[in-house]
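Each chain, letter by letter, is given below.
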Amino acid sequence: MSARQLHFNLFLLDTGHHEASWRLPGSDPHANLSLAAHQHLARVAEAAKFDSLFLADSPALFGEPGRRPSGRIEPTVLLSALAVSTQHIGLIATASTSYNEPYNLARRLASVDHLSGGRAGWNIVTTAGDAAARNFGLEGQPLHKTRYERATEFLDVATKLWDSWADDAIVADKDAGVHAVGDRIRPISHVGAHFSVEGPLNLARSPQGYPLLVQAGSSDDGKEFAARWAEAIFTAQPTLAESQAFYADIKRRVVAADRNPDHVLVLPGIVPVLGDTEAEARELEAELDRLIAPEYALAQLAQLLRVDPSRLDLDAELPEDLPSEDDIEGAKSRYTLVVDWARRDRLTVRELIGRLGGGRGHRTFTGTPVQVADTIQHYFENGAADGFNIMPAVLPSGIEAFTSKVVPILQERGLFRTEYTGATLRDHYGLPRPANRLDPAGSADDVGGEEVPVRL
């Protein structure tokens, strides 16, 4: 068995990541609101020994409602239900630092970590878009730089709140009549540019210390933020070379932030379209692409590019005079990825819509189980990934095929676990439990936030 192991996260998205997946005859168009559908997907991934599953979210309507199922159950609510439906798999919820307050969100996430026995994770987003801003009394989205400044302070406050209880604060001494030692629970007394929070949290430190921290921004600000805080990074990189460049850049930034690069895992997204033969896989891909509604896809692309839809000709390449990256305040890294991709491959708008419909800029791979396994192994062994964010084009059939046909190949090659060996999400990812930096009984290194391999 290889000493270094792949890590797999299942990105749950109703009927699948291809935007037309809901139109297939066997798809359930109401899966986005079904607990049973989510439970089935979670159990399939857990049976295959996946590290985790992940729910995307936005505090605004998710995309164009005519295009695909757009309603989303609030992730921490759904993951609380999935926690009692599973025993091992990690549970990662997306939540915005722009439209939450640190105290309430820290409490919700710590609650999921307690209820799941240490399996919670937080995908940290800063939330781009004016639509979300208007739901919270703002005229438009805050500046990109401002959102990341708020996010940095948000993380500082949240981690202090999680650390406001020492690990040994609860003694539950029935004879002495003492449940918790008061001086092992302390306020954080935080006053900053964005938040004023007294604390302590009204919940004891959770099994992992605090939930696993995940981040997905790929702008310079996003990468700097990830280097400081993230323990796992989801990223969209359409080619091997771009994945290798991103991987090397992140690891360099992590070292510069005085952190261990082995403690920050990079998980590019991959959208597998599987068939027992390559022709069968291509047939499924073609069927999905035929079902894309171009009028909705064109409107979504125009919104991303900040242009009027009338300027996009389906059978021509992108206009030359698009806004520059410096003028983009929301989804900056995704804008750059899409424009660069279209320019490099000289794609027509129709071709670009087809590629985005399958994976929204993530690597889409259409082929047999062996071909998909070979691709994953090649990325893993050539400085491009520590594992993958698995984004099946169609659900549930796509994850059922991946777990029954691709995972066994990787297990036979010694690249993926055959059993869980730990209890928490950090155990699955091979990451240490964070020290309590506010614990006055801790060492000087602990107060500085150094990660130490302590297990409960």
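Throughout, a residue's number is its position along its own chain's written sequence, starting from 1. Residue-level local features of this predicted model are given only where pLDDT is at least 70; pairs of side-chain atoms are given and counted only at 80 or more, and the full residue set underlies all totals for whole chains, interfaces and linings. Note that water and hydrogens are dropped before the side-chain values are worked out from all heavy atoms of the structure.

Chemist: How do you make sense of helix H13 (residues 397–412) when you look at a structure like this?
Modeler: An α-helical turn contains 3.6 residues, so a residue and the one three or four places further along point in the same direction. A helix here means a DSSP run of H or I that spans at least four residues, while a strand means a run of E at least two residues long, and both kinds are numbered starting from the N terminus. For a helix, the expected span equals 1.5 Å multiplied by the residue count minus one. Compared with an ideal rise of 1.5 Å per residue, which puts 16 residues at 22 Å, H13 spans 23 Å between its outermost C-alpha atoms and is within 8% of the ideal. Only protein chains enter the accessibility calculation, which uses a 1.4 Å probe. A residue is then buried if its area is under 20% of the maximum for its type, exposed if over 50%, and partly exposed in between. Of the positions making up H13, those classed as buried are Gly 398, Ile 399, Ala 401, Phe 402, Thr 403, Val 406, Val 407, Ile 409 and Leu 410. The positive-phi residue at the C-terminal boundary of H13 is Gly 414, with phi of around 75°.

Chemist: Sorry, what's going on with helix H12 (residues 369–381) here?
Modeler: Over its 13 residues, H12 extends 18 Å from the first C-alpha to the last, a length consistent with the 18 Å expected when each residue adds 1.5 Å. Only heavy atoms enter the contact rule, under which two residues are in contact if any of them lie within 4.5 Å. For H12, the secondary structure elements touched by its buried residues are strand E1 (7–12), helix H7 (240–256), strand E11 (265–274), strand E12 (363–367), strand E13 (387–390) and H13. Looking at the residues trailing H12, positive phi occurs at Gly 383, about 65°.

Chemist: Whenever I open this one, the nonpolar core confuses me. Can you help?
Modeler: A general tendency of soluble globular proteins is for nonpolar side chains to be buried together. Only buried residues count toward a nonpolar core, which is a set of Ala, Val, Leu, Ile, Met, Phe, Trp, Tyr and Cys residues joined through side-chain atoms within 4.5 Å. The biggest cluster of nonpolar side chains holds 42 residues, and the ones touching the most others in it are Phe 8, Phe 50 and Phe 402. Of all the elements, H13 adds the most residues to this core, at 7 residues. Beyond its immediate sequence surroundings of up to four residues, Phe 402 is in contact with Phe 8, Phe 50, Pro 272, Leu 274, Val 372, Ile 376, Ile 390 and Val 407.

Chemist: Can you help me understand the side chain of Asp 249 in this one?
Modeler: Relative to the helices and strands, Asp 249 is located in helix H7. Within the structure, the side chain of Asp 249 is placed 2.9 Å from the side chain of Lys 223, a separation counted as a polar contact. Polar contacts, as used here, are pairs of N or O atoms within 3.5 Å; protein pairs need one atom able to donate a hydrogen and one able to accept it. Residues neighboring in sequence count only if both atoms are side-chain atoms.

Chemist: Which parts of the structure should I look at to understand the side chain of Asn 32?
Modeler: Its location among the elements puts Asn 32 in the loop between E1 and helix H1 (35–47). Under the relative-accessibility criterion, Asn 32 is labelled buried at 9%. Within polar-contact distance, the side chain of Asn 32 engages the backbone oxygen of Gly 71 at 3.1 Å. When neighbours within four sequence positions are excluded, Asn 32 is seen to be in contact with Asp 14, His 38, Pro 69, Ser 70, Gly 71, Arg 72 and Ile 73.

Chemist: What is the right way to look at the environment of Ala 83 in this model?
Modeler: Here Ala 83 lies in helix H2 (residues 75–83). We classify Ala 83 as buried; its relative accessible area is 6%. In sequence terms Ala 83 and Val 112 are 29 residues apart; their C-alpha atoms lie 7.9 Å from each other. With residues near it in sequence (within four places) discarded, Ala 83 still touches Leu 91, Ser 116 and Arg 119.

Chemist: What exactly am I supposed to notice about the packing of H1 against H2 here?
Modeler: Helix-helix packing is described using two parameters, namely the angle between the two axes and the distance between the axes. Axes, fitted as lines to C-alpha atoms, cover a helix only where it is in contact. Angles between the N-to-C directions of the axes lie from 0 to 180 degrees. One can describe the packing of H1 onto H2 by two numbers: an axis separation of 10 Å at closest approach and a directional angle of 60°. Judged by the angle between their axes, H1 and H2 are oblique. At the point where H1 passes H2, the crossing takes the right-handed sense. Note on element contacts: H2 touches H1 through Leu 78, Ala 81 and Leu 82, opposite Leu 35, His 38, Gln 39 and Ala 42. Per-class residue counts for the contact of H1 with H2 are 5 nonpolar, 2 polar and no charged. Working definition: roughly parallel below 35 degrees, roughly antiparallel above 145 degrees, roughly perpendicular at 65 to 115 degrees, and oblique for all remaining angles. Two helices that cross are described as forming a left-handed crossing if the nearer one is turned anticlockwise from the farther one by less than a right angle, and a right-handed crossing if clockwise. Three categories are distinguished: nonpolar for Ala, Val, Leu, Ile, Met, Phe, Trp, Tyr, Cys and Pro, charged for Asp, Glu, Lys and Arg, and polar for the others, with Gly belonging to the last.

Chemist: Can you help me understand empty space enclosed by the protein in this one?
Modeler: Leftover empty space is mapped by rolling, across the atoms, a probe with the size of a water molecule. Residues are called lining when one of their atoms sits within 4 Å of a cavity or pocket point, these points coming from a 1 Å grid over the protein atoms alone, where a cavity is a set in which a 1.4 Å probe fits but cannot get out and a pocket is an open set with protein on both sides within 12 Å along at least five of seven lines. Grid points are joined across faces, edges and corners, and a volume is the space filled by probe spheres set on the points. Enumeration over the complete set of coordinates arrives at 1 cavity of 30 Å³ or more. Taken as a whole, the largest cavity holds about 120 Å³ of empty space. Leu 12, Leu 13, Asp 14, Asn 32, His 38, Leu 55, Ala 56, Gly 71, Arg 72, Ile 73, Pro 75 and Leu 78 together form the lining of the largest cavity.

Chemist: Whenever I open this one, the packing of aromatic side chains confuses me. Can you help?
Modeler: The description of two aromatic rings rests on the distance between their centres and on the angle between their planes. Each pair of aromatic rings taken from Phe, Tyr and Trp, with Trp reduced to its six-membered ring, is defined by centres within 6.5 Å and is described as stacked if the planes are under 30 degrees apart, edge-to-face if over 60, and tilted in the remaining cases. Within this structure, the stated rule accounts for 14 aromatic pairs. Ring geometry for Trp 162 against Tyr 210: centres 5.3 Å apart, planes inclined by 20°, an arrangement best described as stacked. Placement of Trp 162 in helix H5 (residues 144–162) and of Tyr 210 in the loop between strand E8 (196–197) and strand E9 (212–215) is noted, with a sequence separation of 48 residues between them. One aromatic cluster is present, built from ring pairs that chain together Trp 122, Phe 154, Trp 162, Phe 195 and Tyr 210. Between Arg 228 and the ring centre of Trp 229, over which it is positioned, the NZ or CZ distance is 4.0 Å. Any Lys NZ or Arg CZ that is within 6 Å of a ring centre and within 35 degrees of that ring's normal is treated as a charge sitting over the ring.

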